[in-house]
Amino acid sequence: MAAYAHWTAIALYLATTAVAATALARKRQPDNRLLLTLLAAALTAHGISLVHTLFSPLGYRFDLLAMLSLVTWVVNLLLLVLAARRPLTLLILIFAPIGAITEFAASHTWGTATLHGQLSAGIAVHALLSISAYSLLTLATLQAISLYYMNQQLHKHRPVGAARLLPPLQSMESLLFGLITFGQLLLTASLMTGFVFVGNLFEQGPMHKTVLSIVAWVLYSILLWGHWQRGWRGNTAVRWTLSAFAALMLAYFGSKLVLEVILQRG
């Protein structure tokens, strides 16, 4: 069952990518019903496979590849929900193949399992909030990059190619700040549960992850304050979004890369 779901998910993600890429090449919107049906089917198969990847009789996987697969699944799920009301072909074109890659990588490796008895309910909630926040803010970052691209095309007075598939600029900005606002709320909850339930946040191992997460939280807070109080938008919003996400990415995946790959080989 797990192997069937694994290969089905990869095939469906690639089919989703093909539909989006074909529409982009022809400079038109795809058949949205077909695109979203394929993506929904891919997510279903990926979800079934993830259950077998993340959970075992011994415990839970929280290694780099397993978390990348989980984050990609959540991001694609968010895209599926959001794309029901607005065209997000470009973002789907980016994340559908990433879903296939991370699903393949996570299913063909095995990281260290955290034993069932070592994971409390509080830490499980903290992990869920962290992954949800990271996924929303990842999607916000891709939206910011799309917004930057659209701004560049409008300044040249010739939106061409992929820019024709993007929704109106005002809608893109509204979606960007909506994603950042909800992502920031989840990041705040993640940090709060971390301080309550995780006892070693400032020890040598996880300290840089904690500090960088706080830096990201501060940068997102400044961005939202600037948007609401000073009217920040456009490229200013893009720069702050990318800076905050860089800190968040280093906090999570940077720490895992150092601990699980670089130090292990050293």
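Further up the page is the structure itself.
Quick caveat, the model's predicted, so the values are computed rather than measured. (Residues numbered from 1 in each chain as written. Predicted model: local features only at pLDDT ≥ 70, side-chain atom pairs only at ≥ 80, totals over all residues. Heavy atoms only, no water.)

By volume, the second largest pocket amounts to about 350 Å³. For the lining of the second largest pocket, the secondary structure elements donating two or more residues are helix 2 (32-54), strand 1 (59-61), helix 3 (64-83) and helix 5 (121-155). A total of five residues in the lining of the second largest pocket trace back to one element, the largest contributor, which is helix 5. Considered class by class, the residues forming the lining of the second largest pocket number 14 nonpolar, two polar and one charged. (1 Å grid on protein atoms, 1.4 Å probe; cavity = no way out; pocket = protein on both sides within 12 Å on 5 of 7 lines; lining within 4 Å. Points joined across faces, edges and corners; volume = space filled by probe spheres on them. Helix = DSSP H or I, 4+ residues; strand = E, 2+ residues; numbered from the N terminus. Nonpolar A, V, L, I, M, F, W, Y, C, P; charged D, E, K, R; others polar.)

Glancing now at the nonpolar core. Nonpolar side chains tend toward joint burial in soluble globular proteins. Formed by 61 residues in total, the largest nonpolar core has its most connected members in Met67, Leu79, Leu176 and Tyr220. Listing elements by their share of this core, those giving two or more residues are helix 1 (2-25), helix 2, helix 3, helix 4 (89-107), helix 5, helix 6 (169-197), helix 7 (204-230) and helix 8 (234-265). Per element, the largest residue contribution to this core is 11 residues, and it comes from helix 5. (Core = buried A, V, L, I, M, F, W, Y, C linked by side-chain atoms within 4.5 Å. Buried < 20%, exposed > 50% of the residue type's maximum accessible area, 1.4 Å probe, protein only.)

Contact geometry for helix 3 and helix 4: axes closest at 9 Å, N-to-C directions at 150 degrees. Our classification of the angle between helix 3 and helix 4 gives roughly antiparallel. You can see that helix 3 and helix 4 cross each other, and the crossing is left-handed. Within the contact between the two elements, helix 3 uses Leu65, Ala66, Leu68, Ser69, Thr72, Val75, Asn76, Leu79 and Ala83 and helix 4 uses Leu91, Ile92, Phe95, Ala96, Ile98, Gly99, Thr102, Glu103, Ala105 and Ala106. Residue composition of the contact of helix 3 with helix 4, grouped by class: 13 nonpolar, five polar and one charged. (Axes fitted to C-alpha atoms, helices over the stretch in contact; angles between N-to-C directions. Parallel < 35°, antiparallel > 145°, perpendicular 65-115°, else oblique. Left-handed = near helix turned anticlockwise from the far one by under 90°. Contact = heavy atoms within 4.5 Å.)

Let's shift gears to the packing of aromatic side chains. Between two aromatic rings, the relevant description is the distance of the centres plus the angle of the planes. Applying the stated criterion to the full structure yields four aromatic pairs. Geometrically, the ring pair formed by Tyr134 and Phe245 is tilted, given 5.5 Å between the ring centres and 40 degrees between the ring planes. Separated by 111 residues along the polypeptide, Tyr134 in helix 5 and Phe245 in helix 8 bring together distant segments of the chain. Residue Tyr134 is classed as buried on the basis of its relative accessible area, which comes to 8%. The exposure class assigned to Phe245 is buried, which follows from its relative accessible area of 10%. An aromatic cluster is built from Trp225, Trp232 and Trp240, whose rings are joined through pairwise contacts. (Phe/Tyr/Trp six-rings, centres within 6.5 Å; stacked < 30°, edge-to-face > 60°.)

Let us look at the side chain of Gln184. Structurally, Gln184 is set in helix 6. If sequence neighbours within four positions are ignored, Gln184 has contacts with Leu137, Trp217, Tyr220, Ser221 and Leu224.

Mapped onto the elements, Thr141 comes out in helix 5. Look at Thr141 and you get buried, because its relative accessible area is 5%. At 2.8 Å, the side chain of Thr141 forms a polar contact with the backbone oxygen of Leu137. Filtering out sequence-adjacent residues up to four positions away, Thr141 remains in contact with Tyr220, Thr241, Leu242 and Phe245. (Polar contact = N/O pair within 3.5 Å; in protein donor to acceptor, adjacent residues only side chain to side chain.)

Since the α-helix turns once every 3.6 residues, residues separated by three or four places project in the same direction. In this model helix 4 runs 27 Å from its N-terminal to its C-terminal C-alpha over 19 residues, within 8% of the 27 Å that 1.5 Å per residue would give. Along helix 4, the residues classified as buried are Thr89, Leu90, Leu91, Ile92, Leu93, Phe95, Ala96, Gly99, Ala100, Thr102, Glu103 and Ala106. (Expected span 1.5 Å × (residues − 1).)

This part takes up a nonpolar patch on the surface. Nonpolar side chains collect at one region of the surface, where Met207, Val211 and Val215 lie side by side and expose about 210 Å² of accessible area between them. Mapping Val211 onto the fold places it in helix 7. Under the relative-accessibility criterion, Val211 is labelled partly exposed at 39%. (Patch = residues over 30% accessible without salt bridge, like charges linked within 9 Å, V, L, I, M, F, W, Y side chains within 5 Å. Areas by Shrake-Rupley, 256 points an atom, 1.4 Å probe, with all protein chains shown as cover. Salt bridge = Lys/Arg side-chain N within 4 Å of Asp/Glu carboxyl O.)

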